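# Structural description and commentary
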Amino acid sequence: QVQLVESGGGLVQAGDSLRLSCAASGRTFSTYFMGWFRQAPGKERELVARISWSDGSYYYSDTVKGRFTISRDNAKNTVYLQMNSLKPEDTAVYYCAAQIRVGVWSLWGQGTQVTVSS
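Conventions we followed
- Each chain has its residues counted from 1, running along the sequence as written.
- Reporting of local features is limited, given that this is a predicted model, to residues whose pLDDT is at least 70; pairs of side-chain atoms are given and counted only at 80 or more, and all residues count toward the totals for whole chains, interfaces and linings.
- The side-chain values count all of the structure's non-hydrogen atoms but skip hydrogen atoms and water molecules.
- Here, the term disulfide refers to a pair of cysteine sulfur atoms separated by no more than 2.5 Å.
- Each helix is a run of DSSP H or I of at least 4 residues and each strand a run of E of at least 2, with the numbering of both proceeding from the N terminus.
- A simple rule labels every residue: compare its accessible area, found with a 1.4 Å probe on the protein chains alone, to the largest value its type can have, and call it buried under 20%, exposed over 50%, or partly exposed in between.
- Aromatic rings from Phe, Tyr and Trp, with only the six-membered ring used for Trp, were paired whenever their centres fell within 6.5 Å, and each pair was classed as stacked if the ring planes differed by under 30 degrees, edge-to-face if by over 60, and tilted otherwise.
- By definition, being over a ring means that NZ of Lys or CZ of Arg is both within 6 Å of the ring centre and within 35 degrees of the ring normal.

The next subject is the state of the cysteines. Under the defined criterion, the tally for this structure stands at one disulfide. Here C22 connects covalently by a disulfide to C96, the sulfurs 2.0 Å from one another. Looking down the S-S bond of the C22 and C96 bridge, the torsion is -80°, so its handedness is left-handed. Placement of the pair is C22 in strand β3 (residues 18–25) and C96 in strand β9 (residues 92–99), with a sequence separation of 74 residues. As far as burial versus exposure is concerned, C22 and C96 are alike and both buried.

In this section: the packing of aromatic side chains. This model, assessed by the stated rule, comprises three aromatic pairs. Ring geometry for F37 versus W108: centroids 4.7 Å apart, planes at 50°, classification tilted. Taken together, the positions of F37 in strand β4 (residues 33–39) and W108 in strand β10 (residues 107–108) put the pair 71 residues apart, joining distant regions of the chain. Residue F37 is classed as buried on the basis of its relative accessible area of 8%. Since its relative accessible area comes to 29%, W108 is described here as partly exposed. An angle of 55° between the planes, with centres 5.3 Å apart, marks the rings of Y58 and Y60 as tilted. Under the relative-accessibility criterion, Y58 is labelled exposed at 57%. One aromatic cluster in this structure is built from F37, W105 and W108. One cation-aromatic arrangement involves R50 over F33; the distance from NZ or CZ to the ring centre is 4.9 Å. Its end group placed over the ring of Y59, R50 keeps NZ or CZ at 5.3 Å from the ring centre.

Here the focus is the environment of W36. Looking at the secondary structure, you find W36 in strand β4. Residue classification places W36 among the buried residues on the basis of a relative accessible area of 0%. Residues W36 and I51, 15 residues apart in the sequence, show an inter-C-alpha distance of 9.1 Å.

This is how it looks when you write it as structure tokens:
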């Protein structure tokens, strides 16, 4: 049984930084992408960033491009999301996910809360 566990969320002031971590534990699995999603109260879950596990290529949502950086550490089976210049609009529960089949986000973590005050 494989699980993803997020950590690193918290309450910060606008302009501050946070680094989220997503650690995979359990049986080894093949994956095409790892990604970060977020969901604010009353809003739909959105893709924030993703990274290819094979070559490290990445994608960012336009709303976070230039502020957030996704990275990986294969030895630790961990993916990170470095969030800089945080804004109140970034407040959400952030979820780690894995795309085990192309085009399908099928493995999810429980989420970590990020709250940015003005």
